[in-house]
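Next come the chains, spelled out residue by residue.
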Amino acid sequence: MYIQAIPNRGSPPAILLRESYREGGKVRKRTLLNLTHWPPDLLEGFKALLKGGTVVPVPASPEVFTIRRALPHGHVAGVLGSLRQIGLDRILGPDGNRCRDLVIAMVAARLTDPTSKLATARALSPETAASSLGEIMGLGAVDEDELYVALDWLCERQAAVEGALARRHLHGGTLVLYDVSSSYVEGRCCELARRGYNRDGKRGKLQIVYGLLCAPDGCPVAVEVFAGDTADPMTLSAQVAKLKERFGLAHVVLVGDRGLITQARIDQDLAPAGLDWITALRAPAIRALVEGGELQLSLFDERDMAAITAPDYPGERLIVCRNPDLASERARKREDLLQATERDLAKVARAVTRERKPLRGREAIGLAAGAVLNRHKVAKHFALTITDDGFRFARNTAAIAAEAALDGFYVVRTNLSAATLDDAGTVRAYKSLAQVERAFRSLKGIDLRIRPLFHWLTPRVRAHVFLCLLAYHVEWHMRRKLAPMLYEDDDRAGAEALRDSIVGPAQRSPAALSKQTRAPDGLPVHSFRSLLADLATLTRNAVTTALAGAGDLTVYARPTPVQQKAFALLGLSPERTQ
């Protein structure tokens with residue numbers, strides 16, 4: 001039997017219930033019932049019955065289908081699918097290892113909801129799940145002690161995992177980007193926590209120091225944790241050993257900033273290991289080049305880059321660059337600091353000359369003036385005259401002019417020959433350290449939250465930092481694929497074409513400017529974090545049904561256009577995470 005609509009001239013079509021049958025070797029048809037005047041919902045239900053379905057009365061549907069639980073799922077599917085897509089699960093170890101599965105879950109959780117290990121254990125457990133992560137990985141009940149055991153397991157495998165990542169992303173003769181940062185630690189029991197130069201602005205907090213190695217494109221490869229009072233250059237020898245011995249790279253070019261690759265490190269670590277390097281000179285060294293006559297500032301009246309040599313740097317190239325935009329910014333900032341200092345010094349002068357309780361004594365006046373100079377860090381630009389009952393100050397115009405002459409100048413230093421890497425390529429390589437800074441922003445900011453650290457034992461501190469590196473490794477790969485719908489510039493070639501010189505500031509490509517609010521397809525543009533939050537609204541629903549033989553069902557929410565585009569760019573499906 002079937003339902004057929006028969007056209008009816010001048011009237012709505014006739015809806016007939018018909019059947020086919022065979023008679024005398026011929027197929028014949030006949031009408032069983034006229035359904036033209038049936039209500040549409042009744043007609044649709046009858047069609048479903050004819051197809052072998054079950055029709056549920058509308059009043060009874062809430063009792064027949066019940067959503068027992070709805071868990072955020074889209075962000076989990078995107079992160080976990082990407083992790084498996086790049087093979088990180090295979091690098092960590094074979095299937096069937098619970099420690100490996102817990103590490104994978106912690107890496108994914110670091111991206112979807114970075115919290116403490118106790119909160120992560122609760123979010124993974126079935127009764128207190130915050131997402132579908134624990135359920136789709138089949139972890140069952142999880143407690144924090146299991147996560148600590150998994151951290152210890154990860155710490156033991158760190159060298160092997162880093163070696164596998166290095167084989168993928170680092171090759172002989174390639175550039176290796178290296179930089180150092182620090183993060184504060186809560187409490188006083190951490191074995192690596194020390195007082196040191198605090199980059200987080202947390203006065204009085206203990207901290208750890210860690211160095212990050214990245215491939216030329218910014219992909220993170222390895223990280224190493226040091227005691228919190230370790231000076232940046234002192235971390236370099238460990239990286240040299242890692243590159244040469246553990247990774248087996250015979251020849252690489254290490255790129256580090258001027259605070260890392262010092263002359264002492266070149267002489268004691270890099271040169272004996274046969275590594276090439278790219279770094280930069282500090283301001284006093286640049287001033288010495290000018291005073292010694294090796295650097296002629298007049299060369300830069302009509303150019304912004306020039307290569308020079310100097311007797312103090314034998315066998316090396318010095319690429320001198322002048323950025324007019326940077327010069328203007330430094331001049332503006334210096335003038336602001338000078339004016340702020342003059343305002344505060346004027347207050348000290350008024351305190352000395354006031355009639356009621358004037359400030360008296362060379363020592364007291366000196367302390368007040370010194371506090372002002374230390375606040376704004378421009379003491380060298382002022383000349384002070386202090387007596388027991390008098391105070392005068394004036395700008396040191398000669399010192400200010402000498403500093404202003406070098407505004408916008410920086411000098412990139414390398415032992416590579418021009419035939420190996422030209423001047424523009426050398427400057428570009430040094431500027432690529434910005435990608436490591438970006439990694440630090442993700443690690444320490446809202447994406448992964450490496451800080452604050454609550455771990456005490458050295459192996460667990462190291463494992464926690466390495467766990468965050470693995471999470472950023474996944475994020476880095478996801479960002480590259482999702483770039484068309486993120487605020488990031490996904491047309492690097494177009495941006496470089498707009499640049500007059502490698503010395504000048506980076507430009508945004510026309511493609512990036514066109515998607516400041518919406519992508520070309522009309523969909524909204526996201527940050528990485530807001531896109532994950534959008535994906536999280538795609539839920540995985542556990543549905544209980546009273547239909548005979550149907551049992552419990554897993555039903556996924558229908559993806560929105562934004563979510564469909566994200567999964568298409570990632571090459572994933574929200575229903576498949578294996």
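Structural data are supplied above this passage.
In this text the structure is predicted, and so the values were computed from the model without any measurement.

Basis of the calculations
- Residues numbered from 1 in each chain as written.
- Predicted model: local features only at pLDDT ≥ 70, side-chain atom pairs only at ≥ 80, totals over all residues.
- Heavy atoms only, no water.
- Helix = DSSP H or I, 4+ residues; strand = E, 2+ residues; numbered from the N terminus.
- Rg over C-alpha atoms; globule rule 2.2 N^0.38 Å.
- Buried < 20%, exposed > 50% of the residue type's maximum accessible area, 1.4 Å probe, protein only.
- Contact = heavy atoms within 4.5 Å.
- Areas by Shrake-Rupley, 256 points an atom, 1.4 Å probe, with all protein chains shown as cover.
- Pairing = 2+ DSSP bridges.
- Axes fitted to C-alpha atoms, helices over the stretch in contact; angles between N-to-C directions.

(A) Fine view of the overall build of the protein chain. Within the protein chain one finds 21 helices and 16 strands. At 34 Å, the protein chain has a C-alpha radius of gyration far larger than the 25 Å of a compact globule built from 578 residues. Principal-axis analysis of the C-alpha atoms gives the protein chain an extent of 125 × 60 × 55 Å. By the burial criterion, 46% of the 578 residues in the protein chain qualify as buried. At a minimum sequence separation of 6, the contacts of the protein chain that also span at least 24 residues come to 65%. Looking at the protein chain as shown, the accessible area adds up to about 28900 Å², and 53% of this sits on carbon and sulfur atoms.

(B) Seen up close, the sheet that holds strand β9 (residues 276-280). Taken in spatial order, the eight strands make up an open sheet running β7-β6-β5-β8-β9-β14-β11-β10, and their pairing is mixed. The open sheet has two edge strands with one neighbour each: β7 (220-227) and β10 (305-308). Sheet twist, expressed as the mean angle between neighbouring strand axes with direction ignored, is 25 degrees. Bridge analysis of strand β6 (residues 206-214) against β7 gives seven bridges, and the strand direction is antiparallel. Residue C214 lies in a different strand from β7, and its bridge partner there is P220. Of the strands in this sheet, β6 and β7 are in contact with helix α17 (residues 458-482), which crosses β7 at around 155 degrees.

(C) Just the sheet that holds strand β2 (residues 11-23), in detail. If you trace the three strands from one edge of the open sheet to the other, you get β1-β2-β3, paired in antiparallel fashion. Single-partner strands in this sheet number two, and they are β1 (2-8) and β3 (26-34). The average angle at which neighbouring strand axes cross in this sheet is 45 degrees, direction not considered. The pairing of β1 with β2 spans six bridges and is classified as antiparallel. When the bridges of β2 are listed, I3 appears paired with L17. This element, helix α1 (residues 40-50), spans β1 and β2 of the sheet and lies at about 135 degrees to β1.

Keep in mind these numbers describe shape, not what the thing actually does.
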